[in-house]
Amino acid sequence: MSGWAARAGRWGPALLGILASTALLAWFARLEARWVALGWVELVPWLWVLDRTRSGKEAVLAGTALAMTFTAAIFGWFPEALHGYSQAPLAVCWLAVLLLAPLMESQFILFALVRHHLRRTTQEPLGFWRITLTSALVYVGTEWLCPKLFAETLGQGFYASESLRQVADLAGAHGLTFLLLIGNECVLAAGKALAAREAPRRVAVPLAVLAVLVLAGSGYGRLRIWQVARETAREPALEVGVVQANITKYDKLAAETGMYEVVRMILDTHYRLSDELLQDRGVDLLIWPETVYPTTYGSPKSEAGAEFDADLSGFISERRVPLLFGTYELEQEREYNAAVFVGPGRGGELTRSAYRKTMLFPLTEWVPESLDSPWLRERLPWTGYWKRGPGPRALELTLREGRRLIIAPLICYESIFPGYVAEEARRGAELIVTLSNDSWFQGTPGPKLHLMHAAFRSIETRLPQVRVTNSGISALISATGEVLTEVPDDHRASLTLSVPPPPRLTTLLVAWGDWLGPTALVLGGLLLLGRALPFRRRAL
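Residues numbered from 1 in each chain as written. Predicted model: local features only at pLDDT ≥ 70, side-chain atom pairs only at ≥ 80, totals over all residues. Heavy atoms only, no water.

The buried fraction of strand β4 (residues 334–344) amounts to 10 of the 11 residues, a majority that puts the element mostly inside the structure. Where strand β3 (residues 323–331) meets β4, nine bridges bridge the pair, whose relative direction is antiparallel. Its bridge partner lying in β4, Leu330 is registered against Glu335. Between β3 and the antiparallel strand that follows it, β4, lie two residues; Gln332 among them carries a positive phi value of about 50°. (Buried < 20%, exposed > 50% of the residue type's maximum accessible area, 1.4 Å probe, protein only. Helix = DSSP H or I, 4+ residues; strand = E, 2+ residues; numbered from the N terminus. Pairing = 2+ DSSP bridges.)

Another aspect to go through is helix α9 (residues 200–231). Spanning 32 residues, α9 covers 46 Å between terminal C-alpha atoms, matching the ideal 46 Å at 1.5 Å per step. For α9, the set of buried residues is Val203, Pro206, Leu210, Leu213, Gly217, Gly221, Arg224, Ile225, Gln227, Val228 and Glu231. Those residues of α9 hidden inside the fold are in contact with α7 (127–145) and α8 (168–195). (Expected span 1.5 Å × (residues − 1). Contact = heavy atoms within 4.5 Å.)

If you look at soluble globular proteins, the nonpolar side chains tend to sit buried side by side. Grouped together as the largest cluster of nonpolar side chains are 72 residues, with contacts concentrated most on Leu43, Trp46, Phe75, Trp77, Phe158 and Phe456. If we skip the residues at most four places from it in the chain, Phe75 touches Phe70, Glu105, Phe150, Glu152 and Leu449. Core analysis: the second largest hydrophobic core is formed by 36 residues, Ile411, Leu435, Val468 and Val487 among them. (Core = buried A, V, L, I, M, F, W, Y, C linked by side-chain atoms within 4.5 Å.)

Moving on, we come to the pairing of β3. Of all nine residues in β3, seven are buried, a share of seventy percent or more. As paired elements, strand β2 (residues 285–287) and β3 share two bridges and run parallel to each other. Within the sheet, the bridge partner assigned to Ile287 lies in β3 and is Leu324.

What follows is about the packing of helix α6 (residues 106–121) against α7. Closest axis-to-axis distance for the α6/α7 pair is 9 Å, and the angle between their directions is 155°. Relative to α7, α6 is oriented roughly antiparallel. Relative to α7, α6 is oriented so that their crossing is right-handed. Of the residues in α7, those in contact with Ser106, Gln107, Phe108, Leu110, Phe111, Val114, Arg115, Leu118 and Arg119 of α6 are Ile131, Thr134, Ser135, Ala136, Val138, Tyr139, Thr142 and Glu143. Here the contact of α6 with α7 is built from residues that sort into nine nonpolar, five polar and three charged. (Axes fitted to C-alpha atoms, helices over the stretch in contact; angles between N-to-C directions. Parallel < 35°, antiparallel > 145°, perpendicular 65-115°, else oblique. Left-handed = near helix turned anticlockwise from the far one by under 90°. Nonpolar A, V, L, I, M, F, W, Y, C, P; charged D, E, K, R; others polar.)

Within the structure shown, the criterion is met by 29 salt bridges. The partner of Glu152 in a salt bridge is Lys148, and the shortest N-O contact between them spans 3.5 Å. Accessibility assignment for this pair places Glu152 and Lys148 in one class, buried. Its salt-bridge partner being Asp311, residue Arg264 comes within 2.4 Å of it at the nearest N-O pair. Note that Arg264 is positioned in helix α11 (residues 259–280) and Asp311 in helix α12 (residues 303–319), a separation of 47 residues in sequence. The exposure class assigned to Asp311 is partly exposed, which follows from its relative accessible area of 28%. Beyond isolated ion pairs, a larger network of salt bridges with shared partners links Asp51, Arg115, Arg119, Glu185 and Lys192. (Salt bridge = Lys/Arg side-chain N within 4 Å of Asp/Glu carboxyl O.)

On to the packing of aromatic side chains. Within the structure shown, the criterion is met by 29 aromatic pairs. Plain terms: the ring middles of Tyr271 and Phe315 are 4.6 Å apart, the flat faces sit at 20° to each other, and that makes the pair stacked. Here Tyr271, found in helix α11, pairs with Phe315, found in helix α12; they are 44 residues apart in sequence, far enough to count as distant. Like Tyr271, the residue Phe315 is buried in the burial classification. Judged by centre distance (5.7 Å) and plane angle (80°), the rings of Tyr293 and Tyr297 are edge-to-face. An aromatic cluster of three or more residues is present, and its members are Phe75, Trp77, Phe78, Phe150, Phe361, Tyr413, Phe417 and Phe441. Of note, Arg165 hangs over the ring of Tyr159, and the distance from its end group to the ring centre comes to 4.7 Å. (Phe/Tyr/Trp six-rings, centres within 6.5 Å; stacked < 30°, edge-to-face > 60°. Lys NZ or Arg CZ within 6 Å of the ring centre and 35° of its normal.)

Structure below.
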């Protein structure tokens, strides 16, 4: 009984610390300005727990516990969405998500283990800073090495700060995570020194470092906001019409009324909403969302498909407006999720170009050929069948009046990958255009989180962005990541967006790509190795 009581006495406070950090993380993840300050203290209770661990095993347990509670708090909506998509039992979906949490959030575990090791072996006067820097590098490097399903990182919570989020053009959202980790360590160190009544310097120094992080980040952000405002006043805006028809669950509709009637209804709705835009003002480009044309455009599989192709081409010819829309492309029995651009050309002929989605969502959109088999399809009938496109590219479009525009095309899931978008920006893109279908997690925090990812891509590349979805959230995003206009989730609307010109500012992330992750992994490894070598030499 005494042994059980002793363990409860130790792990009870530890559990409370983990739950306290989880609650703070959940509030910070709401992406609201009033919770931004929590980013600098949200890990403090958990770091306090790590300081009390007596072995590597306990450190791993503390990291695993936070990985699981973090997943449940931040992505508690995902099991329900997965249940709705796959029809698997909800309990099974929850179990799968929680069991995968230590793998998906492995940075918590490795951070805890490395930090515990360094605290036991580092004694020099600058030991605190060595531990803090090395642990933060390992954390960020692990996130890069072990990509996550939703590419989340703690620094994304700073999106709610207009100035701090601008730091992402240097090292992406992971750069903000790096600052957050150091800031939390500083708060913990100051708190411990104050509680122990140590010398005032032991309290003041970490708080001064925290102040420098906040002020330097905010100052840099204000500078970049001013630069963007100055540069974007040079040229006239681009007028883009977008349609969010809020038509979802095509398969269910087809089962009720037939596929022909569903496609007919989808097209007629988009024609009507588009005509409302075209009557009001001049539109340089019209955009419809991902897979809005739910069959293969240009390679009809039936007479009905050929009819729809001709109908859509006739709409573009008659309105004399270029259209970018989501559809499927077929080539040698391989089907792709694609964004197709069709515009009026010379002599009445239509011009056409296309982009094929490369970064496909695992299982639901794409199965690696090495795993694809009748056995798998029989047991997981909801798995996807699309093939991967050739990779990032910039697409040149000819708009009304012969105006040329180079876009960075993205389809849905691709907007969460900083390096992918940076590569498209390096190829001369002037505007990011994202076509998405977020209806499978409609009514959850998912659409808002996806929009936040998209906004970071605009900050990192300093390119404005037009985001068009079938059910929300469609938006116009500035080069500072500000959402200038949006159509909420579960709404139907069509609107014309005045897209500001790109500010033509260079960014480190575009120049170097997603550089921080691999750099942090190498530097963290070298610091750990450098710490181990003296002990090895003494042992010899």
